[in-house]
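Residue-level listing of the chains:
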Amino acid sequence: MVDLADAAPLVAQARIGNIIKLRPEQAGTVPAGHQRVFIEANVMTLIRGEGGISPTVRYLYDAPLDGRGKMPKLKKAQVILFARPGGRPGEIQLVARDAQIAASPAELDRVKTILADLIANDAPPRITAMGDAFHVAGTIAGEGETQIFLRTESGQPVSLSILRRPGQEPRWAVALGEIVDEAARPPVRGSLLWYRLACGLPAELPARSVRALSGPDAEAARADYRFVLDALGPCGRTRAAK
């Protein structure tokens, strides 16, 4: 849900009106098990969209077919649309094939909560790449500290720090700023910051991130990065990110 909301400059609740099935020569390339349709829908609520939206919108949708090859009943259905403006007034384009979902009260509340988090002044930025990693070994075996910098879309500094002490569980934290202080903590699971990390970090620390480290320090940094990924847990994404 965050994938869709994050990608959509327009989010609206609408009631589907007219539905027209497109013939194969009109539809273009359609994935197996789907029927491309042209939809006209009446906007009930604009949830997100600085430029406003037409009272009636038109868009293409790839409706999933059931085992008998039948389309779901869409006429008069209330849906949430995640979209961007189209080329003509009243036209919109869904940001993904699955960017039309049923508008249940629970889903509406969830979308509004997600959007509020996304547009907050202190919202964590999108992660675009891994930066440099540093590791300092302690004076005794099993002691050390790793810091890993992340590159973000906004340029806002984000870093991970992992601290190991003999006889203690490793501790890690994420900092949104230039300075890592004692208040830095791991993100709360399910929060937007958790999503940015769990769904945005690569499965392994890239070689370029540890290129300046010695062999043992690089391996320690990789191990600490794996610890962070394990602590975050799986992203839980059940759809393609794009």
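Bear in mind the structure is a predicted one, so any value in this text is a computation, not a measurement.

Visitor: Could you clarify how one ought to interpret the sheet that holds strand β8 (residues 144-152) in this entry?
Guide: Ordered by their spatial adjacency, four strands build an open sheet running β7-β8-β9-β10, and the pairing between neighbours is antiparallel. Looking at strand neighbours, the two that pair on one side only are β7 (127-137) and β10 (171-175), the edges of this open sheet. Along the sheet, successive strands turn relative to each other by an average axial angle of 15 degrees, direction set aside. Bridge analysis of β8 against strand β9 (residues 158-164) gives seven bridges, and the strand direction is antiparallel. The residue bridging E145 from the neighbouring strand is L163, located in β9.

Visitor: Whenever I open this one, the pairing of strand β4 (residues 78-85) confuses me. Can you help?
Guide: The side chains of a regular strand alternate, first on one face of the sheet and then on the other. Sheet analysis places strand β1 (residues 10-21) next to β4, joined by six bridges and oriented antiparallel. Bridge pairing in β4 links A12 to L81. Where β4 meets strand β6 (residues 100-102), three bridges bridge the pair, whose relative direction is antiparallel. Within the sheet, the bridge partner assigned to V79 lies in β6 and is A102. Strand direction decides the pairing type here: β4 and strand β5 (residues 92-94), joined by three bridges, are antiparallel. Note that in β5 the partner of P85 across the bridge is I92. In this structure, the hairpin formed by β4 and β5 is closed by a connection of six residues, where G90 is found at a positive phi of approximately 85 degrees.

Cut-off values and rules
Residues numbered from 1 in each chain as written. Predicted model: local features only at pLDDT ≥ 70, side-chain atom pairs only at ≥ 80, totals over all residues. Heavy atoms only, no water. Pairing = 2+ DSSP bridges. Helix = DSSP H or I, 4+ residues; strand = E, 2+ residues; numbered from the N terminus. Axes fitted to C-alpha atoms, helices over the stretch in contact; angles between N-to-C directions.

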